[in-house]
Each structure stands twice: as structure tokens, then as C-alpha cells.
Amino acid sequence: MLYRVIDAAELPALVSAFMEAYEVVAPVKRDRSYVFEVIRAFDEIELGYDTTVSSPKKYFLPQTETLFPFDARNNEVADFSAEITPRVIFGAHACDINALNRLDLVFKEGRYPDPYYVARRNATLIVGISCTPRDTCFCQLWGSDEARFGYDLFLQDIGGKYLVSISSVEAANILEAACNARVATDEDRIEFRHATRRRQEAFNGDIPDIQDVAMLMDAFHKDPYWDELGGRCLSCTACSAVCPTCFCFDIQDTFDPDGLTGRRERVWDSCTSPQFALVAGGHNFRDDGRNRVRHRMYHKLNGFLANHDRMLCVGCGRCVTACKARINPIEVLEFFERKGAQDAE
């Protein structure tokens, strides 16, 4: 890993350098919220944002994407090549970078890499930036408060300057050409440690740090708690819509108005949707809120961990805000905390 220091005043030049060859996506202010959008100038960027409504996931796994067109008259499938835009995601927080790393395990590094996802991922540079957690963030519990890989540059604010971690030659060349990047001094390293400590101290201490969450998901798999939690669920699927690691999808054939040609599309789906586990013959493997909510939490906190050695949840807290029924991993952690207190009595 290579480290350099740049002045905060040099960031506009860095963004302009990226914009010469890439589409730049960054956090911008929209009403009272922040979203990732394509920007045209550095002044549009809000680097001091807390959390965006949704993650940059949509730029790698679009909400709707064409897989291939077809002609029903001749039962033919045409060759299809998605148009891939060279892109920079500028200003991603560590939790979102870790979320992309988890999506990579599914779509890029699995037994059957997804060519659509891989093409977008390979054409995208990731520039991360440090953040201060808000009270719904719990990324530190899952080790997602720091990005150790999965980015090209990572900017740590050290007071009027940025300590830049460099992970790719392509990004390093752009940084060197646009900025006066210099070797970090002992003073810079000390300020980095102070900044790291301030971030760690800013996390909400009321969110319980429960050990062996995956084991507890098994131990309390049949607890009546899931009836209560699932009974609240509105099946609105807001949780998966904002989640940076949800990757369930459906395949749909969409016909053109002539009914003769069309396209096969991949669209986002959600395991909290009542129709998600519905199969031919009318049987539904998860036909109530209890089973759907429990399945979602189990996959986030146990199932993915068993296969990939890390939680699927990265603790970004978006679902905490999005779910009006207060169904989220923090609720589950608080449940485990209550169970532990009861056992201790």
C-alpha cells in the first residue's frame, strides 16, 4: 500500500482530472437527503455527508438491466453487449466499499462470474473518503468501518489535508498528475491516529456489541420473537431497496408493443416480498412475515458468513431509517442482549 498527502484545496483539481476520462458519480444534496449522482462540477459534491439514501450499488447492479433481446417469431436470441461507461465513484464511505467487496464475492469471484457486473466493476474506479458515523451506524461491529481493499484511492481527512491510500496504478497516475502529492510526515501520521480515534469514539454506544451473532441466530431460530418482528413487516421491501448488499433479482421477459420482439431483463427483487418464494403450483415457502423477516436476517447475519467468512450486513444503518416498522439488525442485536440478560437472572 502506498500513502501520500494532498491539500484539501487540491480536490477540485483531482475531480477535474478524473472527469477528463470518466463519468464521475459522487454524493450530492437532494432536499434533506444525500444521493449518489453523476456530477458536472466539483461544487456539486457534498463530501461531508453522513449517509446517502441508497448506495452506489445501482451503478454495478442496475435496478433493471437488459440481458439480451429476443425475436419470438423465429425463437431467436440476439447477441447483446451492454454499453459500459468508464466511471469513478468519488466519495464512497468504507461501509459501501466493503459492501461492494461482498457483491464481488457473489458476482465476480464466484464459480460463475456475472459478465454484466464484472464489466461494470472493471470499468470503475473507487475513491473512498473517511466519515463520522451517525447514531444509526454500526459498521464497526462487523469490521466494516475501515476499507482495507476494494478501492483505488481512499482519502482520510486529517485537517485541511488528506492522507491518501493508493491501491491502483491508474488512480496513482491521475493523482500524481493533478495534485502535489507528497510523502506523509510524522505529524501527518499522528493526526491520522487522532482522526481514527475520534471516529471510533463517535459510534453510538447504545447499540449492543453482541458476540457470536451467527450462533445466536441458530440458537433462537424458533423463538416467538420472530412472530412479533415479522408481524410488524409491511412487505414494502424498502429495506432491500436501500441495502448496499442485497442482490436478489428476478428475471422477466418484456415484450415490445408488437408482441413479436422483446428483451429478457434482470430486475431487483426482495426476500421480504410476499411473492418471492412463490413457486409453480401456488406453494409459497415463506408465506408469512415471520418466515420472510427471519430469512432475511438469517442470510445477513449467518448464512452469508458460513459461505464467505464475513457478514453480509455492513452496518451502514440505511435500513434503520428506511423501515417504518423498526425491523433491522439493531433490533435483533437488542433482542439477543435481552435474552442474555434473562439467562443471567
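Structure shown above.
No experiment lies behind these values; they were computed from the predicted model shown. (Residues numbered from 1 in each chain as written. Predicted model: local features only at pLDDT ≥ 70, side-chain atom pairs only at ≥ 80, totals over all residues. Heavy atoms only, no water.)

A. Focus on the overall build of the protein. When you go through the protein residue by residue, the secondary structure sums to 11 helices and 11 strands. In summary, the protein has a C-alpha radius of gyration of 22 Å against a globular reference of 20 Å for 345 residues, a match within 12%. If you line up the protein on its principal axes, its C-alpha atoms span 70 × 65 × 40 Å. Relative to its 345 residues, the protein shows a buried fraction of 50%. Taking contacts inside the protein between residues at least 6 apart in sequence as the whole, the part at least 24 apart equals 72%. In the form shown here, the protein has an accessible surface area of approximately 17,100 Å², with 48% of it arising from carbon and sulfur atoms. (Helix = DSSP H or I, 4+ residues; strand = E, 2+ residues; numbered from the N terminus. Rg over C-alpha atoms; globule rule 2.2 N^0.38 Å. Buried < 20%, exposed > 50% of the residue type's maximum accessible area, 1.4 Å probe, protein only. Contact = heavy atoms within 4.5 Å. Areas by Shrake-Rupley, 256 points an atom, 1.4 Å probe, with all protein chains shown as cover.)

B. Main features of the packing of helix 2 (residues 94–107) against helix 3 (residues 115–122). Between helix 2 and helix 3, whose axes approach to 10 Å, the crossing angle comes to 140°. If you check the angle between helix 2 and helix 3, you find them oblique. Note on packing geometry: the crossing formed by helix 2 with helix 3 is left-handed. Touching Leu100, Asn101, Leu103, Asp104 and Phe107 of helix 2 are Tyr117, Val118 and Arg121, all from helix 3. (Axes fitted to C-alpha atoms, helices over the stretch in contact; angles between N-to-C directions. Parallel < 35°, antiparallel > 145°, perpendicular 65-115°, else oblique. Left-handed = near helix turned anticlockwise from the far one by under 90°.)

C. Main features of helix 2. Here helix 2 contains 14 residues, and its C-alpha end-to-end distance of 20 Å stays within 8% of the 20 Å for a straight helix at 1.5 Å per residue. Burial of helix 2 is extensive: 13 of the 14 residues sit out of reach of the surface. (Expected span 1.5 Å × (residues − 1).)

D. Inspection of the sheet that holds strand 11 (residues 261–268) at higher detail. If you trace the four strands from one edge of the open sheet to the other, you get 5-4-11-10, paired in antiparallel fashion. Since the sheet does not close on itself, it has two edges, and those belong to strand 5 (76–77) and strand 10 (249–255), each with one partner. In this sheet, strand 5 lies alongside strand 4 (residues 64–71) in antiparallel orientation, the contact comprising two bridges. Along strand 5, the bridge assignment pairs Phe70 with Val77. (Pairing = 2+ DSSP bridges.)

E. Local environment of helix 7 (residues 225–232). Taken residue by residue, helix 7 has Tyr225, Trp226, Leu229 and Gly230 as its buried positions. Along the axis of helix 7, the buried positions cluster into a sector of 115°, meaning they face one direction only. (Arc of directions from axis to C-beta.)

F. Representation of the sheet that holds strand 6 (residues 87–92) within the structure. As summarised here, the arrangement of the seven strands in space is 1-9-8-7-6-2-3, forming an open sheet in which the pairing is mixed. Here the strands that pair on one side only, and so sit at the sheet edges, are strand 1 (2–7) and strand 3 (33–38). With strand direction ignored, the average angle separating the axes of adjacent strands in the sheet is 25°. Both strand 8 (residues 153–157) and strand 9 (residues 161–166) contribute to a ladder of five bridges, which runs antiparallel. Looking at strand 9, one finds that Gln156 is bridged to Leu163. The strands touched by helix 4 (residues 169–178) within the sheet are strand 1, strand 7 (124–129), strand 8 and strand 9, with strand 9 carrying the most contacts at an inclination of about 150°.

G. Inspection of the pattern of salt bridges at higher detail. In this structure the tally under the stated criterion is 23 salt bridges. Here Asp71 and Arg73 are joined by a salt bridge, their closest N and O atoms 3.0 Å apart. Owing to a relative accessible area of 15%, Asp71 belongs among the buried residues under this scheme. The closest approach of N and O atoms between Asp186 and Arg189, which form a salt bridge, is 3.0 Å. Here Asp186 pairs with Arg189, and both are found in helix 5 (residues 186–201), just three residues apart, close to one helical turn. (Salt bridge = Lys/Arg side-chain N within 4 Å of Asp/Glu carboxyl O.)

H. Region of the structure containing the environment of Thr124. With respect to the helices, strands and loops of the structure, Thr124 is situated in strand 7. With relative accessibility at 6%, the residue Thr124 sits in the buried group. Taking the C-alpha atoms as reference points, Thr124 and Glu23, separated by 101 residues in sequence, lie 9.3 Å from one another. Beyond its immediate chain neighbours, meaning those up to four positions away, Thr124 contacts Phe60, Arg87, Ile89 and Asp152. Within the structure, Thr124 has its side chain in polar contact with the backbone oxygen of Arg120 (distance 2.6 Å). (Polar contact = N/O pair within 3.5 Å; in protein donor to acceptor, adjacent residues only side chain to side chain.)

I. Unusual backbone geometry, seen in detail. Even without being a glycine, Asn75 presents a positive backbone phi close to 55°. When you line up the elements, Asn75 lands in the loop between strand 4 and strand 5. On the accessibility criterion, Asn75 (71% relative accessible area) is exposed. The phi dihedral of Ser235 falls on the positive side, at around 55°, and the residue is not glycine. Mapped onto the elements, Ser235 comes out in the loop between helix 7 and helix 8 (238–242).

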